[in-house]
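Structural overview for review
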Amino acid sequence: MNGFLVAALLGSAVIHACWNLLLKTTHHRRPVVWWALIVTNLCCAGILIARPHSITPVWPLLLISATLEASYYLILTAAYKIGDFSLVYPVARGTAPGLLALWAILVLAERPSPAGVAGILCIAMGIAVVGWSGRLGRPSKALALSFLLALVISVYSIIDGVAVRRVDPVDYTAAMFFVVTLLLTPVLMAQEGWEGIRGALRLEPLRILSIGVMQLAGYLIVLWVYARAPVSYGGAIRESSILVGALLGWRFLGESFGLRRALGACVIVTGVLLIALRG
């Protein structure tokens, strides 16, 4: 993978961690998510008009991935409601590459390289440091949601990586966010009500706009790279956002044991990079 693609992924990692921090620091997480998706869709509408390529060949993949990504938003907002940012973000993003590596070993009967085994062990140790560095007993539910997030991320990442090798990644991204919004709308309307959703727009328009634009930009960058480089390498490098997220939680949210979690995140990032080397 050349230096330009690596730089693009690192930029995407920073963007991703920043919009997650914005989501964590609001009390109106699900309404904000819905409006941010509307902003994203408005941006995507222009993309689809400018680039009218067909995504018909990957509709089954897109529908499965969109269902998983809609679940991702619901789980993410629930995790941020009860867990520290410097706990949820590193564990969720860091576990996904480890799951992919384990699946390759257990399901596909791949023989792990020494780097792959070392990477999985590093991720496990890093998660132990990050996950159990808070007050005794408190992280358990947040940890469970973080692991569930990782499972969802690992599955839809593989699906998206396959899909964007068949169709234009920009068109795929635009269609993806549209379908995700369709799936989330009835759920959020039932949970929050129209008044609650409308109130979030009045209270936090700048936050909504920022999240909507950043999540689209970050995801477009990732899919653009996936179409040009191995998904395993791209996904691993992008997860450097783990360290960014841990540092943001420590620096801006004043979360307890933040430095310890940041060190644990460094161990997770090391494991992710080692897994990338096994390819």
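Scope of this entry: the structure provided in the associated data block. Just so it is clear, the model here is predicted, and its values are computed rather than measured.

A short note on helix H7 (residues 169–203)
- Compared with an ideal rise of 1.5 Å per residue, which puts 35 residues at 51 Å, H7 spans 34 Å between its outermost C-alpha atoms and falls more than 12% short.
- Helix geometry: H7 is bent most strongly at Gly 193, by close to 90°.
- Put simply, Asp 168 is the residue that caps the front of H7, since its side-chain oxygen is 2.9 Å from the backbone nitrogen of Val 170.

Concerning the pattern of salt bridges
- In the structure shown here, the tally under the stated rule is two salt bridges.
- Residue Glu 195 pairs with Arg 198 through a salt bridge whose shortest N-O separation is 2.7 Å. Of the two residues, Glu 195 and Arg 198 both sit in helix H7, three residues apart, roughly one turn of that helix.
- Judged by relative accessible area, which is 53%, Glu 195 ranks as exposed.
- In this structure, the salt-bridge partner of Glu 204 is Arg 207, at a minimum N-O distance of 2.4 Å.

Details of the packing of aromatic side chains
- Counted by the stated rule, this structure contains 10 aromatic pairs.
- Taking 6.0 Å as the distance between ring centres and 50° as the angle between the ring planes, the aromatic pair formed by Trp 35 and Trp 194 counts as tilted. With Trp 35 in helix H2 (residues 29–50) and Trp 194 in helix H7, this pair connects stretches of sequence that are 159 residues apart.
- Take Trp 194: its relative accessible area is 39%, and that puts it in the partly exposed class.

Let's talk about the environment of Asn 20
- Along the chain, the position of Asn 20 falls in helix H1 (residues 3–24).
- Between the C-alpha atom of Asn 20 and that of Gln 215, which follows or precedes it by 195 residues, the distance is 8.9 Å.
- Contact partners of Asn 20, with chain neighbours within four places excluded, come to Tyr 72, Leu 76, Tyr 80, Phe 85 and Tyr 89.

Side note on the side chain of Glu 204
- Examined against the element boundaries, Glu 204 turns out to sit in the loop between H7 and helix H8 (205–226).
- Owing to a relative accessible area of 12%, Glu 204 belongs among the buried residues under this scheme.
- There is a polar contact of 2.4 Å between the side chain of Glu 204 and the side chain of Arg 207.
- Among residues more than four places away in sequence, those in contact with Glu 204 are Thr 26, His 28 and Val 32.

A closer look at helix H10 (residues 241–252)
- Spanning 12 residues, H10 covers 16 Å between terminal C-alpha atoms, matching the ideal 16 Å at 1.5 Å per step.
- Residues of H10 that are buried: Ser 241, Ile 242, Gly 245, Ala 246, Leu 248 and Gly 249. One side of H10 carries all its buried residues, which in axial view fall inside an arc of 160°.
- Downstream of H10 by one or two residues, Gly 254 has phi in the positive range, about 60°.

Concerning the nonpolar core
- Of all hydrophobic cores here, the largest spans 78 residues; its most connected members are Leu 23, Tyr 72, Tyr 73, Leu 149, Tyr 172, Val 180 and Leu 184.
- For this core, the element with the highest residue contribution is H7, accounting for 11 residues.
- The contact partners of Tyr 73, leaving out residues within four places of it in the chain, are Trp 19, Val 33, Leu 37, Phe 177, Val 180, Leu 184 and Gln 215.

Section: a nonpolar patch on the surface
- A cluster of nonpolar side chains, contributed by Val 117, Leu 121 and Met 125, occupies part of the molecular surface with about 280 Å² of accessible area.
- Along the chain, Met 125 falls in helix H5 (residues 114–131).

Conventions we followed
Residues numbered from 1 in each chain as written. Predicted model: local features only at pLDDT ≥ 70, side-chain atom pairs only at ≥ 80, totals over all residues. Heavy atoms only, no water. Helix = DSSP H or I, 4+ residues; strand = E, 2+ residues; numbered from the N terminus. Expected span 1.5 Å × (residues − 1). Bend = angle between axes of the 7 residues up to and from the residue. Polar contact = N/O pair within 3.5 Å; in protein donor to acceptor, adjacent residues only side chain to side chain. Salt bridge = Lys/Arg side-chain N within 4 Å of Asp/Glu carboxyl O. Buried < 20%, exposed > 50% of the residue type's maximum accessible area, 1.4 Å probe, protein only. Phe/Tyr/Trp six-rings, centres within 6.5 Å; stacked < 30°, edge-to-face > 60°. Contact = heavy atoms within 4.5 Å. Arc of directions from axis to C-beta. Core = buried A, V, L, I, M, F, W, Y, C linked by side-chain atoms within 4.5 Å. Patch = residues over 30% accessible without salt bridge, like charges linked within 9 Å, V, L, I, M, F, W, Y side chains within 5 Å. Areas by Shrake-Rupley, 256 points an atom, 1.4 Å probe, with all protein chains shown as cover.

Limitation: the analysis is restricted to geometry and does not speak to function.
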